[in-house]
Amino acid sequence: MKKQRIGMIGYKFMGKAHSNAYRSLPMFFPKAPKLDMAVICGRNEEAVGQAAEQLGWSESMTEWRDLLAREDIDVIDINAPSDAHKEITLAAVKAGKHIFCEKPLALTLADSREMLQAAEEAGIAHMVGFNYRFSPAVRLAKKLVESGRLGKIYHFRACFLQDWIIDPDFPLVWRLQKEIAGSGSHGDLGAHLIDLAHFLVGDVKEVIGMSETFIKERPIAAEMTGLSAKGSKDGPRGEVTVDDATLFLARFENGAMGNFEATRFAAGHRSTNAFEINGSLGSVKFDFERMNELEVYFTSDDEDVQGFRRVLATDPAHAYAEAWWPPGHTIGFEHTFIHEMLEFSTAIEEGRLPEPNFRDGVKCQAVLEAVERSIDERRWVQLSEM
């Protein structure tokens, strides 16, 4: 088939991750669809031009509407800030482009549903960026759950812990502004936990939560890139309008119980994205800081050797591992995006819907908003209410 010609909107943290994925895909997955990194788009002409040269794009543009109007573009990759997702997506759908959109899908559940409906009516391929699904060790956990080797699932507990804004003088970046980000740690970090829960255990039935914003005001950012920023602690300050930490309990449709914690105030935790699943026949534990490993326990083991075993998910028996290095030679964060883009491009070529897609984005947004409603109303909230 002809090359899939990609236009990408955004060029910073996720833009770099996606660009690396597109460039690396043919080297390690030679049977993958052929991709053309055609155009990268961003508001700053000089900066996006430099990004095009650094990241390997053929052209750069500053107006995304002009990009969507081009007939030589098949796929739109959206990794601009969250408040831009809906407008760009709806325009891309109208232009007949296939769409990859970073999470969260939208700022609100209503917006995400509108995006899903538009994409389904247009018959395009659509995918949402939950990259942690694509770790080989997470795929192993999925396999153990689906095969029944863990038995009936009783518990899912998960946390995403960071500490990058614990300094009260850290500037007011866009991720701390509700009108741009939608929410704080809840929508940024908690969304990944919710998607993993859906992927591994099943749909959520009801939730109850609590949240806190520890630092109410911060210095206005003079410059920001990715998760870093500069600003004067003695300069003007602005209001933080999102949560710094959100915790919630959940009950799944299948009867399992869950607890979730997302915070940017866990000192010493750079990016602890971890979960544990307990079943009647065994358990698994995962921490993305040791992403190549899955700890596995089976109740059927002899009593004298019972305990969690460390499984290194680098052998050819594990998802995606055969494409990489010899067993024991580990992979990293960037590889999850390569696996993600493999799924996306292959689904387009095969004429099927990638996973996870906008439906998963809507399901995640429903849980996010149910938790927020629970916090506001101080009660359990059923997902059927959303």
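It should be emphasised that the depicted structure is a prediction, and the values quoted were computed from it without experimental measurement.

(A) Broad picture of the overall build of the protein. Within the protein, the secondary structure is distributed over 10 helices and 19 strands. The globule rule puts the C-alpha radius of gyration for 386 residues at 21 Å, and the 21 Å found for the protein is close to it. When the backbone C-alpha atoms are referred to their principal axes, the protein occupies close to 65 × 55 × 40 Å. The burial tally for the protein puts 56% of its 386 residues in the buried class. A separation threshold of at least 6 residues defines the contact pool for the protein, and within that pool the share at least 24 residues apart is 70%. Here the protein displays about 17,200 Å² of accessible surface, and carbon together with sulfur accounts for 49% of that area. Of the side-chain charges in the protein, 44 are positive and 59 negative, and the distance between the mean point of each set is 2 Å.

(B) Molecular detail of the packing of helix 5 (residues 109-122) against helix 10 (residues 358-377). At a minimum axis separation of 9 Å, helix 5 and helix 10 run at an interaxial angle of 165°. The angle between helix 5 and helix 10 places the two elements in the roughly antiparallel class. Helix 5 and helix 10 meet at a crossing whose hand is left-handed. In contact with L109, S112, R113, M115, L116, A119 and E120 of helix 5, helix 10 contributes F358, R359, V362, Q365, A366 and E369.

(C) Structural view of the sheet that holds strand 18 (residues 309-312). Spatially, 18-17-16-15-7-14-13-8-19 is the arrangement adopted by the 9 strands of the open sheet, whose pairing is mixed. Lying at the two open borders of the sheet, with one neighbouring strand each, are strand 18 and strand 19 (381-382). Sheet strands touched by helix 6 (residues 136-146): strand 7 (153-161), strand 15 (272-279), strand 16 (282-287), strand 17 (293-298) and strand 18. Its angle to strand 17, the strand with the most contacts, is close to 25°.

(D) Molecular detail of the environment of L294. Here L294 shows up in strand 17. A sequence separation of 104 residues divides L294 from G190, and the C-alpha atoms of the two residues are 21 Å apart. Those residues within four positions of L294 in sequence are excluded, and the remaining contacts are A137, L140, A141, L144, V284, K285, F286, R309, R310 and V311.

(E) Seen up close, the packing of aromatic side chains. Counting across every chain of the model gives 22 aromatic pairs. Relative to F333, the ring of F288 has its centre 6.1 Å away and its plane inclined at 80°; by these criteria the two rings are edge-to-face. Here the residue F288 occupies a position in the loop between strand 16 and strand 17, and F333 occupies one in helix 9 (residues 333-350), the gap between them amounting to 45 residues. Clustering of aromatic rings is evident, with ring pairs tying together F13, Y132, F156, F160, F248, F252, F260, F275, F286, F288, F333 and F337. Above the face of the F199 ring, K142 is positioned so that its terminal group lies 4.6 Å from the ring centre. We note K285 situated over the ring of F308; from NZ or CZ to the ring centre the distance is 4.2 Å.

About the criteria used
Residues numbered from 1 in each chain as written. Predicted model: local features only at pLDDT ≥ 70, side-chain atom pairs only at ≥ 80, totals over all residues. Heavy atoms only, no water. Helix = DSSP H or I, 4+ residues; strand = E, 2+ residues; numbered from the N terminus. Rg over C-alpha atoms; globule rule 2.2 N^0.38 Å. Buried < 20%, exposed > 50% of the residue type's maximum accessible area, 1.4 Å probe, protein only. Contact = heavy atoms within 4.5 Å. Areas by Shrake-Rupley, 256 points an atom, 1.4 Å probe, with all protein chains shown as cover. Lys, Arg positive; Asp, Glu negative; His and termini not counted. Charge placed at Lys NZ, Arg CZ, Asp CG, Glu CD. Axes fitted to C-alpha atoms, helices over the stretch in contact; angles between N-to-C directions. Parallel < 35°, antiparallel > 145°, perpendicular 65-115°, else oblique. Left-handed = near helix turned anticlockwise from the far one by under 90°. Pairing = 2+ DSSP bridges. Phe/Tyr/Trp six-rings, centres within 6.5 Å; stacked < 30°, edge-to-face > 60°. Lys NZ or Arg CZ within 6 Å of the ring centre and 35° of its normal.

Worth remembering: the numbers are spatial, not functional.
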